[in-house]
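Structural features, examined
Here's the letter readout for the chains.
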Amino acid sequence: MVASTSSAAAPAQDADFSRLVRAARQLFGAPAAAIVRLEGDTLHFHTREGLADEPPPVPSSPWRCLMTTPGMSSLVVSDATLDKRFAADEAAGGLARLRFFACVPIIVHGERYGALGVMSPMAGREPGPERIAALADLAAVAGSLFELKDEAKVRARMAADLIREEWRHALTLEAGRVGSWVWDVRSDEIACNDIFRHMFGLEPASKFHFRELEGLVEPADLPAFNAALDEAFEQGVDYAAEFRVAASGRWLIGRGRVYQRDGDGRPLVMMGVNIDVTDAREAAEQQRLLLRELNHRVKNTLAMIQSLARQTLRQKPDPQQFIDAFSGRLRTLSDAHTLLSDRDWSGIGLVELLRSQVEPYLLDSPDQFVMEGDDLRLPPDHALGLGLIIHELASNAVKFGALSRPDGRVTVTWTVSRVGDRRLELVWKESGGPMVMKPAEAGFGTRLIERSLDKVLGSSVKLSFPIEGAEARISLPLERFTF
C-alpha cells in the first residue's frame, strides 16, 4: 500500500530529531532516513533526510509490518520487490523507487509511537546486528526525546494555565478591593499586592516587614491585633482581627492562616487578606444611631399622643366630637412621622410640611393659600412641633377663619435671620374671612399652638387676633436640635 503525501510545503523540522535521522543515515551509508508515524493508511513523515521536500509516493507496508507485528523489534528488507509480504505495494508500483529498508520502532511511554529507518532505491545486504543495535539506540534516544518534549509542552501549558489563574486571582482581588499578603515569619518580610500597600500608605514595590506593620496600626487596636496573631500561632486557629490604620483612620478586617510550620511546630509562612470595611462600619453606626433616634422619637410621640388625647377629651367629652378632633391631630403626627421616616429622620422641607397640613383643606380653592420664602430643611423636633401648629391653625381657619369663605386667604411668609444664631421667622396671616375677636378663654387648640414647640429650646409662638384675621408669629433656632 502506498502512502499519499501532501503537495504543501513541509513544516520546519525539529533540529534535535534531524540530528538523529542524520546519524542513522550515516550509520548505514544510506541515501535516505526518516522518522515516521503511521495513522491508519497514511504515512506521516515527522523528520526526514535524503528525501525531497515533496517526496514521491512511499510504500507504507514495511513500516506497517514493523509497527503492527507484536514482538518485532526490527525489520530489515534487503529487496522489497522479492519479499512476498509487500506484494501489494509491488503490484501497485509503490516499490519502484525504494527497495531496501532497515527500521526499528520508537517507543514512547511504553507504546509504539513511530519508527526510525533508513531506505535506499537499491537492494542491499543484511546489516550486521551491531548496526541494528546502534539504530535501536538512536530510536530509543528519539523516544526519550519525544517524551521530554511532550513533558515540556505539558509544563508550558501548566505554566500558562498557572499564569492565567494568577491573573484571574489578581483581577478578582482587584475587583473586590482585597489586599493579599504572604508573611515569611523567619525573615519577617511580607510580600503583598498593591491594594495592601495602598491600604497602609506604603510605597509601591518596596520591601516591607511585619515589624513596620505594627507601627501602622492604630495603637488602641494593637493589643487585639497581636492577640489574634498569637492565637493563630499557638492554637492553630485562623487569624481574625479588626483594626484601624493609624494614618487614615480607616477600618480593616484581617483574615489569615499559618500554612507552613517547622518540625517543632513554629510558624514559617502565613498567608491572608485584608478588606477595607470602613463604609460598612459607618453604615452600621448610622443604622444604630437611626434606631436610637427612632426609639427616642417613638417615646416622645407616644407621650405627645397621650397628652393630646387627655387634653382633647377634656375639651370634647362627647365621644364623636373627641374622635373628630383627636383624629386630625393624630393624622398630623402620622404624616410628619411618615415624611421623616422616608428621609431617615434627617429632616423635612418647610414647603413640603406646610403643603401637607394645609392643602388637604384647599381641594376646590388652591389659590387661597400663598407661601412666600426660600425652602429650607427643618430638624425632626422642629418639623413635628411646627406641623401640629400649622394643623391647628389650618383647622381653625376652615372652621372659623379665612378658609371658611371662598374669598378668604392664608398667607405664610418666612425669612431666615442671620444676625447671631440662624433663626426661622415665620408668619401665618389670615385675611378675607369673618371678623375675628380674641376668645375670652384660651381653648386647647390655642394652648397647643403656643406649646407645640416646647421641645425646641429658644423657640417662641405668638398668637394674635386682629379684626382682619388671625395671625401667628413663630420663631425658632435652626442651629440647635434638642432631644
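Each remark here, short or long, concerns the structure printed above.
Residues numbered from 1 in each chain as written. Predicted model: local features only at pLDDT ≥ 70, side-chain atom pairs only at ≥ 80, totals over all residues. Heavy atoms only, no water.

1. Details of empty space enclosed by the protein
One way to see where empty space is left: roll a probe the size of a water molecule over the atoms. Heads up, the rule is: Of the grid points, spaced at 1 Å and generated over the protein atoms alone, those admitting a 1.4 Å probe that cannot get out make up cavities, while open sets with protein on both sides within 12 Å along at least five of seven lines make up pockets; any residue with an atom within 4 Å of a point is treated as lining. Grid points are joined across faces, edges and corners, and a volume is the space filled by probe spheres set on the points. By the criteria applied, helices consist of DSSP H or I runs no shorter than four residues and strands consist of E runs no shorter than two, each listed in order from the N terminus.
Under the counting rule described, the total for this entry stands at one cavity of 30 Å³ or more. Within this model, the largest cavity holds a volume of roughly 90 Å³. If you go around the largest cavity, the residues you meet are Trp181, Trp183, Ile190, Phe196, Phe210, Leu213, Phe225, Leu229, Tyr239, Phe243, Met270 and Asn274. Of all the secondary-structure elements, those providing two or more residues to the lining of the largest cavity are β8 (178-184), α6 (210-214), α7 (222-235), β10 (239-244) and β12 (267-276).

2. Observations concerning the environment of Leu453
The following threshold applies: The cut-offs for exposure are 20% and 50% of the maximum accessible area for each residue type, with area from a 1.4 Å probe on protein chains only; residues under the lower value are buried, those over the upper are exposed, and the others partly exposed. Contacts are assigned to residue pairs that have any heavy atoms within 4.5 Å of one another.
Note that Leu453 resides in the loop between α12 (444-451) and β18 (460-464). A relative accessible area of 2% means that Leu453 is categorised as buried. C-alpha separation for the pair Leu453 and Gly387, spaced 66 residues apart in sequence, amounts to 9.9 Å. Here Leu453 is in contact with His382, Gly385, Leu386, Ile389, Ser459, Val461 and Ile474, once residues within four sequence places are set aside.

3. What to know about the environment of Leu202
Structurally, the position occupied by Leu202 is in the loop between α5 (194-200) and α6. For the pair Leu202 and Leu213, spaced 11 residues apart in the sequence, the C-alpha separation amounts to 9.9 Å. Beyond its immediate stretch of four places on either side in the chain, Leu202 contacts Phe196, Arg197, Phe208 and Leu216.

4. A closer look at the sheet that holds strand β6 (residues 100-108)
The following threshold applies: Here, a strand pair is defined by DSSP locating no fewer than two bridges between the strands. For helices, the fitted line uses only the C-alpha atoms of the stretch in contact; every axis is such a line through C-alpha atoms, and the angle between N-to-C directions lies from 0 to 180 degrees.
The sheet built from five strands is open, its strands ordered β3-β2-β7-β6-β5 with antiparallel pairing. Every interior strand has two partners, whereas the edge strands, β3 (42-49) and β5 (75-77), have only one. Ignoring which end each strand starts from, the neighbouring axes of this sheet average 25° apart. Strand direction decides the pairing type here: strand β2 (residues 32-39) and strand β7 (residues 111-120), joined by five bridges, are antiparallel. Counted as the bridge partner of Ala33 is Val118 from β7. Running at roughly 80° to β3, helix α1 (residues 15-28) makes contact with β2, β3, β6 and β7 of the sheet.

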